[in-house]
Amino acid sequence: MASPAVVRTILRTPAALRPLLLRAPRAAYHEQHHDQATPYGDAERTILSHALAYVPAHGFTQEAITFGAKDAGYLDVSRNLFPKGTFDLVMYHLVTQRQGLKDRIQFPDETMGVGKKVRSLVIERLRANADAGVVWRWQEALGVMSLAENIPASLRELGLLSDEMWFLAGDTSVDGSWYTKRASLSGIYAATEVFQTTDQSTEFKDTEQFLDRRLEELRVTGSAVGNTMQWMGFQGGALMNMLRSKGVRI
Amino acid sequence: MASIASRTALAGPALPLKARIIPLAFQLQARSRNSNGAKRTLTFSAATPHDGVHPEHSSRPKKVLTKAQKQFLDSALRVNQAGELAATRIYTSQNPPIIKAHPHLRPLMKHMYDQEAGHFKTFNGLLAKHRIRPTAMYPVWYAASSLLGWSTGVMGREAAMACTEAVETEIGDHYNSQVRELLVWEKEAKDNGETLGPELEALLVDIRRIRDEELEHLDHAVEQDAKEANPYELLTGVIRAGCRGAIWVSERV
């Protein structure tokens, strides 16, 4: 969430330097060599971004793509660029929103915990759905994503989003918890996104509360598992030390 | 190897004057622009021009890695982290039985453990920085290496040292192959008038240093009668095969 002060700072900066401000601090090797260039060509990008404007009215449909192509000045037939049809449109929304997440949110407060940052990131990502006007059509998108042939790509994209969120939240753990963190956040995000499609409350207050309950559950389960493991480790170590003190050569 | 490194070092001052001035000029320009609307939030953006965000201003272009090279780096760093995890676990679990039986080995074991812990920290940092996933076998390697360290520790000093010898032989080979690959990249980059970039050059230095330290452990192990272990061939053979298998798996998952 960009606070008014941050927005003012950005607007005061000379236009040429604004992209630098919006860029999250990143490793140079990552930036230079692992560039996250969008997988879309110019024509595809133009058509799909125009098509997204038709989604609120026409949904995630072939018509939206056709209208988008017309708007962008391409022939109707150019929708053949998208062999997967509406799924390409859904993926375009997902990919651009994932890549745009780092520009939508920044954390000037260094003391903010990783958990709070993750919460803000999830809310910001869901708000992006609302800003793009696709929330009320999102069930159609979820339907397209859940078709058997689209499931692997959808799950991969969900994983990438979850990875991006942990990265932006400043999580640097590279042990076994790398996988459990990404899996649990993916689950929570997917559930919250489904909840959001039916949320009628003002500014998605209910969605935020739903998210908070899921995060709290994760925290409770996570600490229970962590405590149990710690207890078992301690008992094992104590047993070894006791046997050693009795003269057993282990 | 040494000749390539010294040639790279000499290449710096030979650059044309103009090329060396441009980055500084850009920095000054960026600083004067920033001072207009200076806010605290601007500080990191003022630093970005130094980080090579504008490659067109840097004197020699950085080598752009191909997809295969990125994949090589990803899996190489992942294996290195897993290897150092295993090494720290082996020394940790060898420690109690060994120093109980041979208290004079305490400084040597601590020295080797401290170096391994430093390597582990280096690779943890690199994985986090470059967003490389750790190996999915992390808990398995953790348990397996603890068991290996403990069982060889219980078998006695010679067996523990034979284990160190076997592991460090494999790891030394493994690091050597990475150094070789990075040197090939460096040569390619030089032929195209590019540099590897500060990060890859630092990685090369790090991997060489770590390899030398691992081989130093190998020498220590041999000094401590690793070859006297019984059955030496079987023990080192099994451990080396296990290491190669673990490297093969960690490169993939």
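Treat the numbers as computed from the prediction; the structure is a model and nothing was measured.

(A) Structural context of the overall build of chain A. For chain A, the count of helices and strands is 11 helices and zero strands. Mapped from its N terminus to its C terminus, chain A presents α and β elements in the order α-α-α-α-α-α-α-α-α-α-α. Looking at chain A residue by residue over its 250 residues, the buried ones come to 41%. When contacts within chain A are restricted to residue pairs at least 6 apart in sequence, those whose partners lie at least 24 apart make up 67%. Put simply, chain A shows about 13,100 Å² of open surface, and 60% of that area lies on carbon and sulfur atoms.

(B) Up close: the pattern of salt bridges. Tallied over the entire structure, the rule returns 27 salt bridges over all chains. Of the charged contacts, one joins Glu157 of chain A and Arg98 of chain A as a salt bridge, the two residues approaching to 2.7 Å between their closest N and O atoms. Within this pair, whereas Glu157 of chain A is found in helix α9 (residues 151-168), its partner Arg98 of chain A is found in helix α6 (residues 86-104), the two being separated by 59 residues in sequence. In terms of burial, Glu157 of chain A and Arg98 of chain A fall into one category: buried. Between Glu164 of chain A and Arg131 of chain B there is a salt bridge, with its nearest N and O atoms 3.0 Å apart. In this pair, Glu164 of chain A sits in helix α9 while Arg131 of chain B sits in the loop between α5 (106-130) and α6 (138-155), so the two residues belong to two different chains. The class of Glu164 of chain A is buried, set by a relative accessible area of 1%. Each of Arg119, Arg127, Glu208 and Asp212 of chain A takes part in a single network of salt bridges with overlapping partners.

(C) Expanded view of the nonpolar core. Residues and elements named next belong to chain B. Grouped together as the largest cluster of nonpolar side chains are 32 residues, with contacts concentrated most on Leu77, Val167, Leu182, Trp185, Leu200, Leu203 and Ile239. At the level of secondary structure, the elements contributing two or more residues to this core comprise α4 (67-101), α5, α7 (157-191), α8 (198-223) and α9 (232-252). No other element matches the 11 residues that α7 contributes to this core. Excluding residues within four positions of it along the chain, Val167 makes contact with Ile90, Ile239 and Cys243.

(D) Representation of unusual backbone geometry within the structure. Geometrically, the link from Asn230 of chain B to Pro231 of chain B is a cis peptide bond, its omega value of -5 degrees lying close to zero. Relative to the elements of secondary structure, Pro231 of chain B occurs in the loop between α8 and α9. Positive phi, close to 55 degrees, is recorded for Phe204 of chain A, a residue that is not glycine. Although it is not a glycine, Asp225 of chain B adopts a positive phi angle of roughly 65 degrees. Note that Asp225 of chain B resides in the loop between α8 and α9. Judged by relative accessible area, which is 30%, Asp225 of chain B ranks as partly exposed.

(E) The packing of α6 of chain B against α9 of chain B, seen in detail. Residue and element names in this part refer to chain B. Running from N to C, α6 and α9 cross one another at 170 degrees; their axes reach a closest spacing of 13 Å. Here α9 runs roughly antiparallel to α6, going by the angle between their axes. Considering only the axes of α6 and α9, their crossing is left-handed. Contact residues: Trp141, Leu148, Thr152 and Met155 in α6; Leu235, Ile239, Ala246, Val249 and Ser250 in α9. The class makeup of the residues in the contact of α6 with α9 is seven nonpolar, two polar and no charged.

(F) Molecular detail of the confidence of the model for chain A. Taken over all residues, the pLDDT of chain A has a mean of 86, while the share at 70 or more is 86%. Between residues 23-35 of chain A, whose pLDDT stays under 50, and residues either more than four places distant or in other chains, the model counts 41 contacts.

(G) The arrangement of the side chain of Gln81 of chain B in detail. Tracing the backbone shows Gln81 of chain B in helix α4. Ignoring sequence-local partners within four residues, the contact set of Gln81 of chain B consists of Val174 of chain A together with Phe120, Phe123, Asn124, Leu127, Pro134 and Tyr138 of chain B.

Conventions used here
Residues numbered from 1 in each chain as written. Chains lettered and ligands numbered in written order. Predicted model: local features only at pLDDT ≥ 70, side-chain atom pairs only at ≥ 80, totals over all residues. Heavy atoms only, no water. Helix = DSSP H or I, 4+ residues; strand = E, 2+ residues; numbered from the N terminus. Buried < 20%, exposed > 50% of the residue type's maximum accessible area, 1.4 Å probe, protein only. Contact = heavy atoms within 4.5 Å. Areas by Shrake-Rupley, 256 points an atom, 1.4 Å probe, with all protein chains shown as cover. Salt bridge = Lys/Arg side-chain N within 4 Å of Asp/Glu carboxyl O. Core = buried A, V, L, I, M, F, W, Y, C linked by side-chain atoms within 4.5 Å. Axes fitted to C-alpha atoms, helices over the stretch in contact; angles between N-to-C directions. Parallel < 35°, antiparallel > 145°, perpendicular 65-115°, else oblique. Left-handed = near helix turned anticlockwise from the far one by under 90°. Nonpolar A, V, L, I, M, F, W, Y, C, P; charged D, E, K, R; others polar. pLDDT = per-residue confidence, 0-100.

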